[in-house]
Amino acid sequence: MKNILIIGSTGQIGTELALTLRRLYPVVVAGYIPAAPPKAELLESGPCEVVDITNPHQISELVHRYKIDTIFNLAALLSAVAEVKPQLAWHIGVGGLFNVLEVARETGCAVFTPSSIGSFGPETPHDLTPQDTIQRPKTMYGVTKVTGELLSDYYHKRFGVDTRSVRFPGLISNVAPPGGGTTDYAVDIYYAAVRDGRFACPLRPGTYMDMMYMPDALRACVELMEADPSRLIHRNSFNVTSMSFDPEGIAASIREVIPSFEMTYQLDELRQGIADSWPNSLDDSCARNEWDWKPQYDLTAMTRDMIETIRRKG
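Note that the coordinates shown come from a computational prediction; the quantities given were computed from them, not determined experimentally.

**So, the pattern of salt bridges**
Reasoning step 1: By the definition in use, this model includes 16 salt bridges.
Reasoning step 2: Of the charged contacts in the structure, one is a salt bridge between Arg164 and Asp162, with a shortest N-O distance of 2.9 Å.
Reasoning step 3: The closest approach of N and O atoms between Arg235 and Asp162, which form a salt bridge, is 2.7 Å. Of this pair, Arg235 sits in the loop between α8 (214-226) and β12 (238-239) while Asp162 sits in the loop between α6 (140-159) and β7 (163-164), placing them 73 residues apart in sequence.
Reasoning step 4: When its relative accessible area of 11% is taken as the criterion, Arg235 is described as buried.
Reasoning step 5: Here the salt bridges do not stand alone but share partners, grouping Glu49, Glu61 and Arg65 into one network.

**A word on the environment of Lys67**
Reasoning step 1: Summarising the element assignment, Lys67 is placed in the loop between α3 (56-65) and β4 (70-73).
Reasoning step 2: With relative accessibility at 64%, the residue Lys67 sits in the exposed group.

**A look at α8**
Reasoning step 1: Between the first and last C-alpha of α8 there are 19 Å, a value that for 13 residues agrees with the 18 Å anticipated at 1.5 Å per step.
Reasoning step 2: Among all positions in α8, only Met214, Asp216, Ala217, Leu218, Arg219, Ala220, Cys221, Val222, Leu224 and Met225 are buried.

**Let's talk about the environment of Pro86**
Reasoning step 1: Tracing the chain through its elements places Pro86 in helix α5 (residues 86-107).
Reasoning step 2: Overall, Pro86 belongs to the partly exposed group, its relative accessible area being 24%.
Reasoning step 3: Between the C-alpha atom of Pro86 and that of Thr139, which follows or precedes it by 53 residues, the distance is 8.8 Å.

**A word on unusual backbone geometry**
Reasoning step 1: Of the consecutive residues Asn236 and Ser237, the connecting peptide bond is found in the cis state with omega at 10°.
Reasoning step 2: Its location among the elements puts Ser237 in the loop between α8 and β12.
Reasoning step 3: Even without a glycine there, the phi angle at Ala40 is positive, about 50°.
Reasoning step 4: Within the secondary structure layout, Ala40 lies in helix α2 (residues 40-44).
Reasoning step 5: Given the relative accessible area of 54%, Ala40 is considered exposed.
Reasoning step 6: For Asp292, which is not glycine, the phi torsion reads 65° and is therefore positive.
Reasoning step 7: Along the polypeptide, Asp292 turns up in the loop between α11 (285-291) and α12 (299-313).

**Some details on the nonpolar core**
Reasoning step 1: Counting 60 residues, the largest nonpolar core has Ile172, Tyr185, Tyr190 and Phe245 as its most contacted members.
Reasoning step 2: Residues in contact with Tyr190, not counting those within four places in the same chain, are Ile172, Ile250, Ser253, Ile254, Leu299, Met302, Thr303, Met306, Ile307 and Ile310.
Reasoning step 3: Among the nonpolar cores identified, the runner-up in size contains 36 residues, and Leu17, Ala18, Phe112 and Cys286 belong to it.

**A short note on the sheet that holds strand β2 (residues 27-32)**
Reasoning step 1: In space, the six strands of this open sheet follow the order β3-β2-β1-β4-β5-β7, with parallel pairing throughout. Each having just a single partner strand, β3 (48-50) and β7 make up the two edges of the open sheet.
Reasoning step 2: Relative to β2, strand β1 (residues 3-7) runs parallel, the two sharing five bridges. Bridge pairing in β2 links Asn3 to Val27.
Reasoning step 3: Strand contacts of α3: β1, β3 and β4, with the helix running at about 150° to β3, the strand carrying the most contacts.

**Remarks on the environment of Ala82**
Reasoning step 1: Its place among the elements puts Ala82 in helix α4 (residues 79-84).
Reasoning step 2: Since its relative accessible area comes to 0%, Ala82 is described here as buried.
Reasoning step 3: When the C-alpha positions of Ala82 and Val222 are compared, they lie 27 Å apart, and in sequence the two are 140 residues distant.
Reasoning step 4: Excluding anything up to four places from it in sequence, Ala82 contacts Leu77, Ala89, Met140 and Tyr141.

**What about the packing of aromatic side chains?**
Reasoning step 1: Enumeration according to the criterion identifies eight aromatic pairs in this entry.
Reasoning step 2: Seen from their ring centres, Tyr155 and Phe159 are 5.0 Å apart, and the 50° between their planes marks the pair as tilted. Of this pair, Tyr155 and Phe159 both sit in helix α6, four residues apart, which is roughly one turn of the helix.
Reasoning step 3: By relative accessible area, which is 4% here, Tyr155 ends up buried.
Reasoning step 4: Ring geometry for Phe238 versus Trp291: centroids 5.8 Å apart, planes at 80°, classification edge-to-face. A residue pair is termed long-range when its members are at least 10 positions apart, and Phe238 in strand β12 and Trp291 in helix α11 qualify at 53 residues. Judged on exposure class, the residue Phe238 and its partner Trp291 are both buried.
Reasoning step 5: One aromatic cluster is present, formed by Phe98, Tyr154, Tyr155 and Phe159 through successive ring pairs.
Reasoning step 6: Positioned over the ring face of Phe159 is Arg105, at 5.3 Å from the centre of the ring.

The rules behind the values
- Residues numbered from 1 in each chain as written.
- Predicted model: local features only at pLDDT ≥ 70, side-chain atom pairs only at ≥ 80, totals over all residues.
- Heavy atoms only, no water.
- Salt bridge = Lys/Arg side-chain N within 4 Å of Asp/Glu carboxyl O.
- Helix = DSSP H or I, 4+ residues; strand = E, 2+ residues; numbered from the N terminus.
- Buried < 20%, exposed > 50% of the residue type's maximum accessible area, 1.4 Å probe, protein only.
- Expected span 1.5 Å × (residues − 1).
- Core = buried A, V, L, I, M, F, W, Y, C linked by side-chain atoms within 4.5 Å.
- Contact = heavy atoms within 4.5 Å.
- Pairing = 2+ DSSP bridges.
- Axes fitted to C-alpha atoms, helices over the stretch in contact; angles between N-to-C directions.
- Phe/Tyr/Trp six-rings, centres within 6.5 Å; stacked < 30°, edge-to-face > 60°.
- Lys NZ or Arg CZ within 6 Å of the ring centre and 35° of its normal.

What follows is the structure in structure tokens.
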């Protein structure tokens with residue numbers, strides 16, 4: 001990777017990924033839509049351009065102008081939002097990806113498009129979910145992710161496009177605010193713990209889901225795209241994970257730092273239904289074997305870093 005375009009650079013992953021990549025590579029263009037403009041360091045640290053994933057001509061123009069060799073396609077609606085706007089979720093998640101892949105086919109770009117644990121469904125084995133297993137999601141978010149995996153594999157096999165992807169678990173960040181994902185309670189809970197000392201959890205006790213701290217997620221993006229392609233048996237998409245916990249588990253980890261923290265439950269039926277269809281834990285042995293994936297943060301380390309960072313920001 002040398003010259004990189006990020007589509008969706010102001011979203012949940014994009015802001016932090018853009019800043020990470022700008023520390024490593026000479027040209028990183030932060031693509032955004034006018035409704036979500038870049039701010040602060042993202043705006044000031046490198047080139048920023050309007051790019052709508054539903055406009056293939058706009059994507060192509062930027063690729064040619066900046067001599068882009070790698071596209072990070074991060075444009076998507078998150079899981080709970082996608083259930084409210086399923087048509088838009090398909091238009092962006094599948095139609096947009098098709099536009100990116102076509103531009104990549106024509107220009108020789110590599111493409112990274114994150115998938116998700118949402119690509120699995122209730123028939124999938126929930127514990128240590130295998131790399132290759134049944135994927136029958138019951139949400140529009142999941143449907144778009146499975147479609148994206150298959151479409152990306154097709155463009156690699158049929159046209160030789162260098163497509164790569166990971167299935168992200170829930171991502172926990174101390175920078176980007178929650179954006180409507182089912183796992184976002186695990187971000188909200190830290191801010192509530194520091195601010196109020198209490199939190200009303202939208203999921204039931206015992207709802208296990210895989211999670212990952214954002215520094216590990218950013219590293220996974222870079223390491224996979226830099227991996228030796230001759231080692232990659234799988235491409236779209238690799239299971240990756242760092243930890244699995246339920247609401248009680250994350251609350252207990254917070255009480256190790258804030259002993260007075262209290263948690264109650266205020267069930268969100270939509271998010272609970274989505275969470276129940278997702279895995280409890282993933283088997284990420286293929287990522288470990290094919291490109292040496294290894295997380296650096298567990299729940300205890302993440303909790304301490306999250307609380308320290310939130311307190312420092314005030």
